[in-house]
Amino acid sequence: MGNELVQLTVVNQPGLAGAPHSVSGAEGADLCFSAPHPVNESVLPSVIPAQAGIHPPSTTVPWARRLRTFYIETFGCQMNVHDSEKVQGVLLARGMTPVENHAQADLVLYNTCSIREKAAQKVFSRLGAFRKGSSGAGKVIGVLGCVAQQEGERFFARAPQVNLVCGSASYPKLPQLLDQLEAGKRHVTGLSLDTDECFETELTPRDNPFRAYLTIIEGCDQRCAFCVVPMTRGRQRSRASEKILAEARRLVEDGYTEIQLLGQIVNAWQDPSPARLSFAELLSRVAEVPGIRRVRFTTSHPRFFSADVVQAIDAHSTLCDQIHLPVQSGSTAVLARMLRGYTREEYLEKIRCIRKARRAISLSTDIIVGFCGETRQDFEQTLSLMKEVEYDQVFSFKFSPRPNTLAEANGDAPEEDEKGRRLAELQELQRQIQLRRNQALLGETIEVLVEAYQGRLGQAVGRSTTNRVINFPGSPEDVGRYLAVKVTAAGPNSLVGVRE
Ligand code: 5AD
């Protein structure tokens, strides 16, 4: 969602690292290989190690090297963060151990984001470090995610130090790809988008100790003119309701009280199982799992948004009063060019439906400024929509033309300077709206889940059901607790309070 850039460093997960290695089978049709690594024979074990839980991929394939340690860095959205958690599960199941930094790792993975040009560039600057300092010698380096899918085999020419290129639609094949790397293949790819499989893992360690992500739908079948995701994440595929509910129950057993259901278009979820639950029914069933305190879901597409979701929120106090509903533009003409599938009026109709809920639902959105053909008048339509809706949070971006999208040519988009001015104007308007809305909460008591304690400041950091951050004097023991906090001060981005 939005412009969050997350850098995830895998931390040691005691108890999981020794899990048994799953033995995988034959190569998939989309796996391709080229010349093997130059292998230093002296460092290879002469016999296949017979340690508990470590098995060779095949007795006929000689070991080139065994990958024992790994490090993953993640860029981009929550989907990527959770994908990395699942990849971590695959690696732990092979008996591998996470380490603190790339220098210590046999296997270094970058899970990449290509939603905008700037995000896509990040991985290349990371890979540069390996080229210059040759600190990559002896390591296996893999690129996962959207840039991997987008660049494909070209990656090897552009960054020869890379050994694995794998898009998210091929993650179910990761064990086979890793077997091939261990067998000494130099270049391995998983790039097929032709799948109806979701990435299921036995073990999925979560990095956040309170909020567990849970994927319900992968891929995207929309063709928004600006967006690279359908090309990088493949066709839409939903997980069965029983699997989702079983995972939710397991997460609660493991101690999680907050679950965030994830999907590129989470509300396009369609139950492939005979239960045939609607998305709103699924939300209700997850909200009813005994022990659950908070359920969130992201990202909803306005096109699929229906009133039964609002009814579900009204009926279940555990469903958070927060909806992220990206509008992208307030101009019907721009929305049409973006191929969003709704008009300004239709979007506002959905907002009116949300505003009628019994609980005040907090709204956030994504907006792109400077899309192809966006005139000053179109932009003003966006500003007026923001004034009308009064979002609690807006993630805003300058349009960045992406490869293989309909708007790749960037025809008649405003100049970069003009995009920058519009973005600044929009962000200043939203700052004022947020300040006003947050100040309206002065004196109110809010339930927060305490997510952190900042020892230096003596402050606990909590989050409300509406996704607001609130700082208050607290103690390290508060972390993980639900507390009532009275709002005493409000800024545009966060609140200050005291414990009730
Ligand atoms: N340029 C700028 N922003 C984009 N987004 C998606 N594609 C682009 C692009 N090409 C934004 C949208 C989306 C959010 C995740 O990123 O607002 O909702």
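Rules used in this analysis
Sequence order as written defines residue numbering, which begins from 1 separately in each chain. Totals for whole chains, interfaces and linings use all residues, but because this is a predicted model, local features are given only for residues with pLDDT of at least 70 and pairs of side-chain atoms are given and counted only at 80 or more. Working from all heavy atoms in the structure, the side-chain values ignore hydrogens and water. Only runs of H or I of at least four residues qualify as helices and only runs of E of at least two qualify as strands under DSSP, and these elements are numbered from the N terminus. Only protein chains enter the calculation, and the probe is 1.4 Å; a residue is then buried if its accessible area is under 20% of its type maximum, exposed if over 50%, and partly exposed in between. Residue contacts follow a heavy-atom distance rule, with two residues in contact if any of their heavy atoms lie within 4.5 Å. The nearness test applies per residue and asks whether one of its heavy atoms lies within 4 Å of the molecule or strand. Areas reported here follow the Shrake-Rupley algorithm with a probe of radius 1.4 Å; residue values treat only the protein chains shown as occluding. We call Asp, Glu, Lys and Arg charged. Ala, Val, Leu, Ile, Met, Phe, Trp, Tyr, Cys and Pro are nonpolar, and the rest, Gly among them, are polar. A pair of Phe, Tyr and Trp rings is counted when the ring centres sit within 6.5 Å of each other, with Trp represented by its six-membered ring. The angle between the planes then sorts it: under 30 degrees is stacked, over 60 is edge-to-face, the rest tilted. Each ring is checked for a lysine NZ or an arginine CZ that lies within 6 Å of its centre and within 35 degrees of its normal; such an atom marks a charge sitting over the ring. Per-residue confidence from the predictor is reported as pLDDT, a score between 0 and 100. By definition, two strands form a pair when at least two bridges between them are found by DSSP. Axis angles are defined between N-to-C directions and span 0 to 180 degrees, where every axis is a line fitted to C-alpha atoms and, for a helix, only to the segment in contact. A cavity here means a set of 1 Å grid points, computed over protein atoms only, where a 1.4 Å probe fits but cannot escape. A pocket is an open set with protein on both sides within 12 Å along at least 5 of 7 lines, and lining residues have an atom within 4 Å of a point. Grid points are joined across faces, edges and corners, and a volume is the space filled by probe spheres set on the points. Here a helix's expected span is defined as the number of its residues, less one, multiplied by 1.5 Å. Throughout, the arc means the angular range of directions from the helix axis out to the C-beta atoms. Throughout this description, the term salt bridge denotes a Lys or Arg side-chain nitrogen within 4 Å of a carboxyl oxygen of Asp or Glu.

**With respect to the environment of Cys-224**
Part 1: On the secondary structure map, Cys-224 appears in the loop between strand 9 (217-218) and helix 6 (229-233).
Part 2: Its relative accessible area of 10% is what places Cys-224 among the buried residues.
Part 3: Taking the C-alpha atoms as reference points, Cys-224 and Leu-335, 111 residues apart in sequence, are found 9.4 Å from one another.
Part 4: For Cys-224, the residues in contact, after removing those within four places along its chain, are His-301, Met-338, Leu-339 and Arg-340.

**Quick word on the site of the ligand**
Part 1: The environment of the ligand is formed by Ile-115, Arg-116, Phe-226, Gln-328, Asp-366, Ile-368, Phe-397, Lys-398, Phe-399, Ser-400 and Arg-402.
Part 2: Relative to its unbound accessible area of 410 Å², the ligand is 91% covered by the protein chains.
Part 3: For the shell around the ligand, the elements supplying multiple residues, two or more each, are strand 14 (362-369) and strand 15 (393-398).
Part 4: For the shell around the ligand, the per-class residue count stands at five nonpolar, two polar and four charged.

**Examining the packing of aromatic side chains**
Part 1: Going through the model one piece at a time under the given rule, you end up with six aromatic pairs.
Part 2: Taken together, a centroid distance of 4.9 Å and an interplanar angle of 75 degrees make the contact between Phe-371 and Phe-399 edge-to-face. Pair noted here: Phe-371 is in the loop between strand 14 and helix 12 (376-389) and Phe-399 is in the loop between strand 15 and helix 13 (416-439), with a separation of 28 residues, a long-range link.
Part 3: Joined through ring pairs, the aromatic side chains of Phe-226, Phe-371 and Phe-399 make up one cluster.
Part 4: The side chain of Arg-116 reaches across the aromatic face of Phe-397, ending 3.7 Å from its centre.
Part 5: Here the basic side chain of Arg-293 rests over the ring of Tyr-482, its NZ or CZ set 3.9 Å away from the ring centre.

**Things to note about the confidence of the model for the protein**
Where the model shows low pLDDT, its predicted coordinates should not be examined in detail.
Part 1: Mean pLDDT over the protein works out to 87, with 86% of the residues at or above the 70 mark.
Part 2: Low confidence marks residues 1-63, where pLDDT is under 50. Its contacts with residues over four positions away, or in another chain, come to 137 contacts.

**Side note on the sheet that holds strand 13 (residues 322-324)**
Across a sheet, strands are paired by hydrogen bonds formed along the backbone, either parallel or antiparallel in direction.
Part 1: Spatially, 13-14-15 is the arrangement adopted by the three strands of the open sheet, whose pairing is parallel. Each edge of the open sheet carries a strand with a single partner, namely strand 13 and strand 15. Put simply, the sheet's adjacent strands are angled 10 degrees from each other on average, direction ignored.
Part 2: As defined by bridge partners, strand 13 adjoins strand 14 across three bridges and the pair is classed as parallel. Bridging across to strand 14, Gln-322 finds its partner in Ser-362.
Part 3: Seen against the sheet, helix 13 touches strand 14 and strand 15 and runs at an angle of roughly 175 degrees to strand 15.

**Re empty space enclosed by the protein**
Part 1: Applying the stated criterion across every chain yields a total of one cavity of 30 Å³ or more.
Part 2: Considering the residues around the largest cavity, the lining is formed by Met-79, Asp-83, Ser-168, Tyr-171, Phe-199, Glu-218, Gly-219, Arg-233 and Arg-237.
Part 3: Considered class by class, the residues forming the lining of the largest cavity number three nonpolar, two polar and four charged.

**With respect to helix 5 (residues 174-182)**
Part 1: In terms of burial, helix 5 is largely enclosed, as nine of its nine residues are buried.
Part 2: Turning to helix 5, its buried residues number three or more, namely Leu-174, Pro-175, Gln-176, Leu-177, Leu-178, Asp-179, Gln-180, Leu-181 and Glu-182.
Part 3: At the exit of helix 5 stands Gly-184, carrying a positive phi of roughly 100 degrees.

**Notes on the environment of Arg-303**
Part 1: By the element assignment, Arg-303 lies in the loop between strand 12 (294-298) and helix 9 (307-315).
Part 2: When sequence neighbours within four positions are dropped, the list of residues in contact with Arg-303 reads Gln-222, Leu-339, Arg-340, Gly-341, Tyr-342 and Lys-350.

**Points about helix 7 (residues 241-253)**
Part 1: Helix length check: helix 7, at 13 residues, gives a terminal C-alpha distance of 18 Å against a target of 18 Å (1.5 Å per residue), a fit within 8%.
Part 2: Turning to helix 7, its buried residues are Ser-241, Ile-244, Leu-245, Glu-247, Ala-248, Leu-251 and Val-252. The arc that holds every buried residue of helix 7, seen down its axis, measures 160 degrees, which confines them to one face.
Part 3: At its buried positions, helix 7 is contacted by strand 8 (211-215), strand 11 (258-262) and helix 8 (279-287).
Part 4: Phi turns positive one or two residues past the end of helix 7, at Gly-255, with a value near 105 degrees.

**A short note on the pattern of salt bridges**
In a structure, side chains of opposite charge can pair up when their charged atoms sit close to one another.
Part 1: Taken as a whole and assessed by the stated rule, the structure comprises 40 salt bridges.
Part 2: Among the ionic pairs, Glu-151 bridges to Arg-158, the shortest N-O distance being 3.7 Å.
Part 3: A relative accessible area of 40% places Arg-158 in the partly exposed class.
Part 4: Between Glu-247 and Arg-206 there is a salt bridge whose closest N-O contact spans 2.7 Å. Placement of the pair is Glu-247 in helix 7 and Arg-206 in the loop between strand 7 (188-190) and strand 8, with a sequence separation of 41 residues. The burial state of Glu-247 is the same as that of Arg-206; both residues are buried.
Part 5: Here the salt bridges share partners, and the residues they tie into one network are Arg-211, Glu-258, Arg-293, Arg-294, Arg-296, Glu-447, Glu-451 and Arg-463.

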